[in-house]
Number of protein chains: 2
Amino acid sequence: MLTTIPSFSDIKRTHQRISKYIIQTPVMTSKNIDEIAGCHIFFKCENFQKVGAFKMRGAANAIFSYRPEDRANGFACHSSGNHGQAVALAAKLAGSKAYVVMPKNASKVKIDAVKGYNAEVIFCEPNDQSRTKTCEDIVKKTGAILIHPFDDYNIIAGQASAAKELIEEVDDLDAIISPVGGGGLAAGTCLVAHFLDPNMEVYLGEPEAVDDAYQSLKAGKIIPNKSSDTIADGLKTTVGQKNFDILKDHVKEVLPVTEKEIVSAMKLIWERMKIVIEPSCAVPFAAILKNKELFKEKRVGVILTGGNVDLTKLPF
Amino acid sequence: MLTTIPSFSDIKRTHQRISKYIIQTPVMTSKNIDEIAGCHIFFKCENFQKVGAFKMRGAANAIFSYRPEDRANGFACHSSGNHGQAVALAAKLAGSKAYVVMPKNASKVKIDAVKGYNAEVIFCEPNDQSRTKTCEDIVKKTGAILIHPFDDYNIIAGQASAAKELIEEVDDLDAIISPVGGGGLAAGTCLVAHFLDPNMEVYLGEPEAVDDAYQSLKAGKIIPNKSSDTIADGLKTTVGQKNFDILKDHVKEVLPVTEKEIVSAMKLIWERMKIVIEPSCAVPFAAILKNKELFKEKRVGVILTGGNVDLTKLPF
């Protein structure tokens, strides 16, 4: 169990521990996209990850960090979707029960997927307070272990393995960019970039509508989101404390983008690269398109975080 | 220039000739899809091919088979879309002009893409007669060389390279299945399977609404389509004579599927594999799902032919 900021040894051990439960996802490139963006982009395709999102990495690490005898009462989590699926599948692979608290407005495809991994779904109101409270009640009632979606070093170390694979596969990246919601992936990406190449610039993409990371890094302390009104449903949560403490030391800049820019970037990736990505994961690409001068002719790693969308409710 | 049925040497030479103009596309698998289908499927992802479809292979071969001095007047073709894009791009790479005759109801994304490769687009009525006539007129007027979309051994040899890559990459396939429209890909797949493993079963998937290949193989002669009413817009044409002559010697069975089965198979691939495929290319997978006993526990190669869809007009 990690109780301090993960070292590179911690991240390597984590990567080994989870390797049989995750997919080493491909890195894709597209001349067409590079021409549009004016730089060389290497997309780490976590939309092809198990459960369709990078969240499998962190959940697998958190759950398999426990000894088998400590997994008896199962695991609980709250999640707008992908973390829920990941905990459900990782718990199933560990032979444990999973309890997943989901906002009642979560997309049907995500709810169905969680249920498909035999997890018990408990609905809550779509706000941070209700999520937390509902999840605490479940933990109290069942004795399940809470797996926090991001504010946890075991989760951060797990998510870090995506950037680790990307940086180890692609030489000489000038920059790497991930989206930021709670900050599990963002913090993990920061640490790996720092350990493997301290000169690599780390950027984060964030929807303007929920720009807590942008505001928090500017203020030097966490400024919670006042809204959750974004199509990027994986990025609605406010950044966690452990995550913020890592981000503030390593992030070069948070780049906010509008809803329109997110949808347009998402459509471009679907059209030109022929892959399905969810809105949250179009945010970094939207940020590149919005800040072309910043990335001009650079080699940029982009973590495409997931591909779980409700195909009957597309924004285009 | 190939004027007889391609030998394996011809196909190898073709593959070498076009290799720098095409992408060696990845083969994807999905445990989830295998569970649903009850067999082991290896998807050859030609949706990731240049121009978003396997058609680049045949067009590149047809155009680069001409000596540079013979390319001066450019190339012409008629196409509902992907062949047009392929001829446009291959001609551009060869430094030649392209004239592309397209049905006026072709999807906007395909028309825009053809224009994007600097080709001149000429519209016709959406039927075989008008296509052929309009294209003949262009050839007469400009001296351009006609590149037939399928009834041409150079095209067949080019398309064959997709199955060649698949069979060379994946050991011990029991069966291979492609969709059939005009029959360029289908005939090429037949030849490669025959040359590389004569025991491999070759199946074709075809929409019931345009089941000319099914009817023709049953009758022992070409029975033209009476309708073009299918969502699989790449498969509306009637099979060509050169194509039919190859299919009748090598195809084990043509498997017709309904429109509903095509849309459902397409959606399943988008959802579970996170890749964008067009309706035509969901047809073989739909055929597998409809004939599970035929493929039970077999290792099956499926050629996913393309990913050019109008995202604003999805059938789900």
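Above this text is the structure in question.
Sequence order as written defines the numbering, with residues in each chain counted from 1. Numbering of ligands from 1 and lettering of chains from A proceed in the order in which they are written. Note on the predicted model: pLDDT of at least 70 is required for a residue's local features to be given, and 80 or more for side-chain atom pairs to be given and counted; whole-chain, interface and lining totals, by contrast, use all residues. Hydrogens are left out, water is left out, and the side-chain values use all remaining heavy atoms of the structure.

Visitor: So what exactly am I meant to see when it comes to the sheet that holds strand 10 (residues 299–304) of chain A here?
Guide: Each strand in a sheet pairs with another by means of backbone hydrogen bonds, the pair being arranged parallel or else antiparallel. In this analysis, strands are considered paired if DSSP registers two or more bridges between them. Secondary structure elements are defined from DSSP: runs of H or I of at least 4 residues count as helices, runs of E of at least 2 residues count as strands, and each element is numbered from the N terminus. The six strands lie next to each other as 1-2-10-7-8-9 (chain A), forming an open sheet whose pairing is mixed. Pairing within the sheet leaves two strands with one partner each, and these edge strands are strand 1 (27–28) and strand 9 (253–257) of chain A.

Visitor: Help me understand the relation of the copies chain B and chain A, please; the structure alone is not making it clear to me.
Guide: For these two chain copies, the linking operation is a rotation about an axis paired with a shift along it. If you rotate chain B by 180 degrees and push it 0.0 Å along the axis, it lands on chain A with an RMSD of 0.0 Å. Both copies of the chain, as the preceding transformation shows, are related through a two-fold rotation axis. Rotation axis and chain B: the residue whose C-alpha lies nearest the axis is Ile 275 of chain B, separated from it by 2.1 Å. Throughout, a contact is declared for two residues whenever any of their heavy atoms are within 4.5 Å. Same-surface contact between copies: 100% of interface residues of chain B are shared with the interface of chain A. To line up the copies, we fit them by least squares on C-alpha atoms, keeping just the residues with pLDDT of at least 70 in both.

Visitor: What should I look at first to understand the pattern of salt bridges in this one?
Guide: Pairing between side chains becomes possible if they bear opposite charge and their charged atoms approach one another. We count a salt bridge whenever a side-chain nitrogen from Lys or Arg sits within 4 Å of a carboxyl oxygen from Asp or Glu. A full pass over the atoms with the stated rule returns 32 salt bridges over all chains. Residue Glu 201 of chain B is joined to Lys 298 of chain B by a salt bridge in which the shortest nitrogen-to-oxygen separation is 3.1 Å. Taken together, the positions of Glu 201 of chain B in strand 8 (residues 201–207) and Lys 298 of chain B in the loop between helix 13 (292–295) and strand 10 (299–304) put the pair 97 residues apart, joining distant regions of the chain. Three exposure classes are used, based on accessible area relative to the maximum for each residue type with a 1.4 Å probe and protein chains only: buried under 20%, partly exposed in between, and exposed over 50%. Judged by its relative accessible area of 22%, Lys 298 of chain B is partly exposed. Of the charged contacts in the structure, one is a salt bridge between Lys 290 of chain B and Glu 208 of chain B, with a shortest N-O distance of 3.4 Å. Here Lys 290 of chain B, found in helix 12 (residues 279–290), pairs with Glu 208 of chain B, found in the loop between strand 8 and helix 9 (212–219); they are 82 residues apart in sequence, far enough to count as distant. The partly exposed category is assigned to Lys 290 of chain B, whose relative accessible area is 36%. Here the residues in one salt-bridge network are Lys 44, Glu 46, Arg 57 and Glu 165 of chain A, joined through shared partners.

Visitor: Help me out: how do you make sense of the packing of aromatic side chains in this one?
Guide: Two descriptors summarise a pair of aromatic rings, namely the distance from one centre to the other and the angle between the planes of the rings. Classification of ring pairs rests on two measures: the distance between centres of Phe, Tyr or Trp rings, Trp counted by its six-membered ring, which must be within 6.5 Å, and the angle between planes, read as stacked under 30 degrees, edge-to-face over 60 and tilted in between. Applying the stated rule across the entire model yields 13 aromatic pairs over all chains. Aromatic pair Trp 270 of chain A and Trp 270 of chain B: ring centres 5.7 Å apart, planes at 65 degrees, arrangement edge-to-face. Linking Trp 270 of chain A in helix 11 (residues 259–273) with Trp 270 of chain B in helix 11 (residues 259–273), this pair reaches from one chain into another. Note on accessibility: Trp 270 of chain A and Trp 270 of chain B belong to one class, buried. Ring geometry for Phe 43 of chain B versus Phe 285 of chain B: centroids 5.9 Å apart, planes at 70 degrees, classification edge-to-face. Separated by 242 residues along the polypeptide, Phe 43 of chain B in strand 2 (residues 40–45) and Phe 285 of chain B in helix 12 bring together distant segments of the chain. For the residue pair Phe 43 of chain B and Phe 285 of chain B, the accessibility class agrees, reading buried in each case. One aromatic cluster in this structure is built from Trp 270 and Phe 316 of chain A together with Trp 270 and Phe 316 of chain B. As a reminder, the over-ring test applies to NZ of lysine and CZ of arginine, requiring each to be within 6 Å of the ring centre and within 35 degrees of the ring normal. The cationic tip of Lys 242 of chain A hangs over the ring face of Tyr 153 of chain A; the distance from NZ or CZ to the ring centre is 5.7 Å.

Visitor: Which parts of the structure should I look at to understand the sheet that holds strand 3 (residues 75–78) of chain B?
Guide: Residues and elements named next belong to chain B. Read from one edge of the open sheet, four strands run 5-4-3-6, paired in parallel fashion. The open sheet has two edge strands with one neighbour each: strand 5 (120–124) and strand 6 (145–146). In this sheet, strand 6 lies alongside strand 3 in parallel orientation, the contact comprising two bridges. Along strand 6, the bridge assignment pairs Ala 76 with Leu 146. Note on geometry: axes are C-alpha line fits, over the in-contact stretch for helices, and angles between N-to-C directions span 0 to 180 degrees. Against the sheet, helix 4 (residues 82–93) touches strand 3 and strand 4 (98–103), its axis set at about 170 degrees to strand 3.

The quantities given are spatial measurements derived from coordinates; they are silent on function.
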